[in-house]
Amino acid sequence: MTLSKVLDRLEVAERRLQEIDERLAQPEVLRDQAQVQALVRERASLEPTVATFREYRRTTKELDEARAILSEEKNRELQLLAEEEIDHLERERARLERELRLVLLPRDPNDTRNVIVEIRAGAGGGEAALFAGELYRMYTRYAQRQGWHVDLIDKSETGLGGLKEVILEVRGKGAFSRLKYERGVHRVQRVPVTEASGRIHTSTITVAVLPEPEEVEVTINPGDLRIDIFHAGGHGGQSVQKVATAVRIIHIPTGIVAVCQDERSQLQNKQKAMTVLSARIYELERSKKEREIAEARKEQVGTGERAEKMRTYNFPQNRVTDHRIGVTFHGLEKVLEGELDE
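Residues numbered from 1 in each chain as written. Predicted model: local features only at pLDDT ≥ 70, side-chain atom pairs only at ≥ 80, totals over all residues. Heavy atoms only, no water.

K.L.:
Looking at this model, I keep getting lost on helix H1 (residues 3-24). Mind explaining?
P.N.:
Residue pairs three or four apart in sequence face the same way in an α-helix, which turns once every 3.6 residues. Compared with the 32 Å implied by 1.5 Å per residue over 22 residues, the 32 Å span of H1 between its first and last C-alpha is a close match. Of all the residues in H1, the buried ones are Val 6, Leu 10, Ala 13, Glu 14, Leu 17, Ile 20 and Leu 24. Along the long axis of H1, the arc covered by the buried residues comes to 120°, so they all point the same way. In this structure, H1 carries Lys 5 and Glu 22 as exposed residues pointing more than 90 degrees from its buried face. Where the residues of H1 are buried, they touch helix H2 (27-30), helix H3 (33-72) and helix H4 (76-103). (Helix = DSSP H or I, 4+ residues; strand = E, 2+ residues; numbered from the N terminus. Expected span 1.5 Å × (residues − 1). Buried < 20%, exposed > 50% of the residue type's maximum accessible area, 1.4 Å probe, protein only. Arc of directions from axis to C-beta. Contact = heavy atoms within 4.5 Å.)

What follows is the structure, encoded as structure tokens:
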């Protein structure tokens, strides 16, 4: 993409940020919490890009001013100072240009979300459970370094301080964008504390990183409803109302039915039936989301076998190998202390 096209797209992003700020100041928008949350999320994704764009524009202006000074200045000493300033500003503008090209690459729509991290012991029995506990501490420390908040959701312990399973929520800016690369099978090679002969064991731990789903909102299209009005029935099938007040609402796309005949008013029965219908559709959507998450989890961790590893932690050689990119790092203890950025 040419620089002029990059700058055009950045100007669009800047205008959109200004538009969002204007909308967030409108009382009618502030009354709609779902709209506010959507706008705030969009603003958070745009703000760093627009800030870099403004810095680029400011640097370009300063560079033009320095060049103008150099062309007009007769004093050699001042010319040298201007040349140094121009050299510095050119390097800075080149850096910002590279950053701007990167921020315009397509992004994962989930990158701004909080995450659920699920760590489970795989092959290797008690040794796998022990290392699952170490990975839990590693991610907790990493989150603390990033200024994120960690909440423990569930934990299943074994003897010797191991963990069969631990599930935690990580909340903070960019949590999913960074932690999503941790998903997969983690392999550990070391002499277990329970091994008397000093033999090295290989064990595995699975890590699933799932974007935290947003609250499922129920939007019901009136055109998808069939509403029947009938007489409420009493005990023994007697008609207890001469006026038809009972309401049956059928949601045609799903076939879900809600009926209410407890109230004397047709309007009240309709409102109650709609509440029940909304709750049942919500439950259907929630179940569908959970099935999608379960499929994503299965895809991430596979069967947990040793051959599926994405990273190996080798204690005897003090190294960590990432098999996806074919790179080995030394300094295993630093990694386990949460120094994962490299």
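K.L.:
Help me out: how do you make sense of the nonpolar core in this one?
P.N.:
Among soluble globular proteins, nonpolar side chains are generally buried collectively. Within the largest apolar cluster, 29 residues are counted, with the highest numbers of intra-cluster contacts made by Ile 119, Leu 135, Val 170, Leu 179 and Tyr 313. Elements supplying a minimum of two residues to this core: strand S1 (115-121), helix H5 (126-146), strand S3 (163-171), helix H6 (175-179), strand S5 (201-211) and helix H8 (332-336). Per-element accounting of this core gives the leading share, 8 residues, to H5. Those residues in contact with Ile 119 that sit more than four places away from it in its chain are Ala 132, Leu 135, Tyr 136, Tyr 139, Lys 164, Glu 165, Val 166, Leu 168, Ile 205, Thr 206 and Val 207. By size, the runner-up hydrophobic cluster in this structure holds 10 residues, among which are Ile 249, Cys 260, Ala 273 and Leu 277. (Core = buried A, V, L, I, M, F, W, Y, C linked by side-chain atoms within 4.5 Å.)

K.L.:
I tried to follow the layout of surface pockets on my own but got confused; where do I start?
P.N.:
Empty pockets left among the atoms are what a rolling probe the size of a water molecule brings to light. Counted as a void, the largest pocket has a volume near 500 Å³. Breaking the lining of the largest pocket down by element, the ones donating at least two residues are H6, strand S10 (319-322), strand S11 (327-330) and H8. Ranked by the residues each element gives to the lining of the largest pocket, the list is headed by H6, at 3 residues. Its residues placed into classes, the lining of the largest pocket shows 8 nonpolar, 3 polar and 9 charged. Top contributing element to the lining of the second largest pocket by residue count: H3, with 4 residues. Looking at the lining of the second largest pocket residue by residue, the classes come out as 4 nonpolar, 4 polar and 6 charged. (1 Å grid on protein atoms, 1.4 Å probe; cavity = no way out; pocket = protein on both sides within 12 Å on 5 of 7 lines; lining within 4 Å. Points joined across faces, edges and corners; volume = space filled by probe spheres on them. Nonpolar A, V, L, I, M, F, W, Y, C, P; charged D, E, K, R; others polar.)

K.L.:
Please explain the packing of aromatic side chains as it appears in this structure.
P.N.:
Enumeration according to the criterion identifies 3 aromatic pairs in this entry. Ring geometry for Phe 131 and Phe 315: centres 6.1 Å apart, planes at 85°, overall edge-to-face. In this pair, Phe 131 is assigned in helix H5 and Phe 315 in the loop between strand S9 (309-314) and S10, connecting sequence segments 184 residues apart. Residue classification places Phe 315 among the partly exposed positions, given a relative accessible area of 29%. Where Tyr 142 meets Trp 148, the ring centres are 5.7 Å apart and the plane angle is 85°; that geometry is what we call edge-to-face. Taken together, the ring pairs connect Phe 131, Tyr 313 and Phe 315 into an aromatic cluster. (Phe/Tyr/Trp six-rings, centres within 6.5 Å; stacked < 30°, edge-to-face > 60°.)

K.L.:
Looking at this structure, I do not really get the pairing of S5. What am I missing?
P.N.:
Working note: regular strand, side chains alternate between the two faces of the sheet. With respect to burial, S5 is a largely interior element, 8 of its 11 residues being buried. Strand direction decides the pairing type here: S1 and S5, joined by 7 bridges, are antiparallel. Paired with Ala 121 across the strands is Ile 205, a residue of S5. Direction of pairing for strand S4 (residues 184-190) relative to S5: antiparallel, over a ladder of 7 bridges. The residue bridging His 186 from the neighbouring strand is Ile 205, located in S5. (Pairing = 2+ DSSP bridges.)

K.L.:
I tried to follow the side chain of Thr 59 on my own but got confused; where do I start?
P.N.:
As for its placement among the helices and strands, Thr 59 is situated in helix H3. Dropping the residues within four chain positions of it, Thr 59 is found in contact with Leu 89, Glu 92, Arg 93 and Leu 96.

This is a description of form; function is not addressed.
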